[in-house]
Amino acid sequence: MDNPWTDWKPLSNWRPDFESLLETLDGGQAFRWNREEKHSFSGIMGNRMVRLRWSPPNRVHLSTPSPPPGGLPLALENYFGNRKSYKILYDSLPWRSDPHLRRCMAAFPQLRILRQDPAETLLCFLCSATKQIVQIKEMLALLADRFGDRLPGGMKSLPSWAQLSQIPESDLRDCKMGFRARNIKGTARFLAETPGFIGEVGRLPYAEAREKLCQLPGVGKKVSDCVLLFGYDRLEAFPVDTWILKAMQRRYRLHDRSHRQVARFGRTHFGESAGLAQQFLFAWERNHARK
DNA sequence: ATGCAGGGCCTCC
DNA sequence: GGAGGCCCTGCA
């Protein structure tokens, strides 16, 4: 009846330690991966359900009921942000002069920025305001369960923006979305009236793309930077949430600086891949700075 | 029980 | 620009 799952296929261009893998899948970039056992996950990549299994010291194997043309590893390597050389990218960060960054990078040596679907990333981060990761995941799971399409393998996709535009706001509120429901509806309406918007953003330079995203209701500087970083592969996007603000004020002795000043410092200090640096800081703060 | 949380928006200064 | 209140919800 259902498509059989493929054999486990190894991922060749990414050999993460488990901490880096976990932090990449479940560290606030993506919200649709679920941990099944100690070292295995199920999740959705694009419109495909995938199972993923890590084995020591640094191997990732995966399987899907609906292999894409070109093969699953290829698609996943794209999803995991594979580029010419992640080594060069890591090396471009100012770790030589920044002991704190060096420490963060050492703790998650294979951390990556995902390349997720932009439209879906927008939806996820519209849900993120004042919410913890677990709550965001719960909201999105409810939304997918009630309004998404069943995918081979059993999980459901998130509803598309076209589908969202047909869903009453009260139904969204029933998915625990609260005031975010209004923003989702407003954005769905905007996107319905502005076909091509999502694609257009992708063609613009960073500053203009960000400005354009900020036209959407519920999207401000932070959310637009998350969407650009995790959905549009713009590594210069540097989202500053309250965690990063506090962390940077502490780690870089910027206690007297405003949010705006800290953001500017980060962009200047970390450079053209500031978003990647931010993810290292974030990962370290979440995992190692617990008091 | 009031307060607060990984944000945006509006108002007022 | 910057500060403060409000928007929902769940949990301490």
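Residues numbered from 1 in each chain as written. Chains lettered and ligands numbered in written order. Predicted model: local features only at pLDDT ≥ 70, side-chain atom pairs only at ≥ 80, totals over all residues. Heavy atoms only, no water.

K.L.:
Is there a simple way to explain the overall build of chain A in this structure?
P.N.:
Tallying secondary structure elements over chain A gives 15 helices and 5 strands in all. A compact globule built from 291 residues should have a C-alpha radius of gyration of about 19 Å, and chain A, at 19 Å, falls within 12% of that. Taken along its principal axes, the extent of the C-alpha atoms in chain A is 55 × 45 × 40 Å. For chain A, the proportion of its 291 residues judged to be buried stands at 51%. Considering only contacts within chain A whose residues lie at least 6 apart along the sequence, 64% involve residues at least 24 apart. Carbon together with sulfur atoms contributes 51% to the accessible area of chain A, which is approximately 13800 Å² in total. (Helix = DSSP H or I, 4+ residues; strand = E, 2+ residues; numbered from the N terminus. Rg over C-alpha atoms; globule rule 2.2 N^0.38 Å. Buried < 20%, exposed > 50% of the residue type's maximum accessible area, 1.4 Å probe, protein only. Contact = heavy atoms within 4.5 Å. Areas by Shrake-Rupley, 256 points an atom, 1.4 Å probe, with all protein chains shown as cover.)

K.L.:
Which parts of the structure should I look at to understand the protein's contact with DNA strand B?
P.N.:
Around DNA strand B sit 20 residues, and of these Q132, I133, F179, T242 and F282 come closest. Among all atoms of DNA strand B positioned within 4 Å of the protein, those belonging to sugar or phosphate total 50%. For DNA strand B, a phosphate oxygen lies 3.0 Å from a polar atom in the backbone of V223. Interatomic distance of 3.4 Å between a backbone N/O atom of T242 and a phosphate oxygen of DNA strand B. If you list the elements that add at least two residues to the surface near DNA strand B, you get α12 (221–231), α13 (242–251) and α15 (274–288). With 3 residues, the top contributor of residues to the surface near DNA strand B is α12. In terms of residue class, the surface near DNA strand B is made up of 9 nonpolar, 6 polar and 5 charged. (Near = heavy atom within 4 Å. Polar contact = N/O pair within 3.5 Å; in protein donor to acceptor, adjacent residues only side chain to side chain. Nonpolar A, V, L, I, M, F, W, Y, C, P; charged D, E, K, R; others polar.)

K.L.:
Is there a simple way to explain the protein's contact with DNA strand C in this structure?
P.N.:
As a matter of local geometry, DNA strand C sits amid K131, R173, K176, G178, F179, R180, S258 and R260. Taking F179, its main chain carries an N or O atom lying 3.1 Å from a sugar or linking oxygen of DNA strand C. Contact distances for DNA strand C include 2.7 Å between a phosphate oxygen and a side-chain N or O atom of S258. Of the residues in the surface near DNA strand C, the class split is 1 nonpolar, 2 polar and 5 charged.

K.L.:
Please clarify how the domain arrangement of chain A should be interpreted in this entry.
P.N.:
Interfaces are often sized by the amount of accessible area the parts lose when they come together. Domain boundaries in chain A define domain 1 (9–82) and domain 2 (118–231). Between the C-alpha centres of domain 1 and domain 2 there is a distance of 23 Å. Counting residues at the interface gives 17 residues for domain 1, matched by 17 residues for domain 2. Of the roughly 1500 Å² buried at the junction of domain 1 and domain 2 (both faces included), carbon and sulfur atoms supply 67%. Of all residues in domain 1, the largest losses of buried area upon contact with domain 2 belong to F31, R32 and M49, amounting jointly to 49% of the total for that side. Viewed at the interface, domain 2 and domain 1 are joined by 1 salt bridge. For D26, the salt bridge identified is with K137, shortest N-O distance 2.9 Å. Joining domain 1 to domain 2, the criterion identifies 3 residue pairs in polar contact (both at pLDDT 80 or more). At the level of elements, β2 (33–37), β3 (40–45) and β4 (48–55) are the ones that each hand at least two residues to the side of domain 1 that touches domain 2. (Domains from an automatic or database assignment. Buried area = accessible area lost by both parts, 1.4 Å probe. Salt bridge = Lys/Arg side-chain N within 4 Å of Asp/Glu carboxyl O.)

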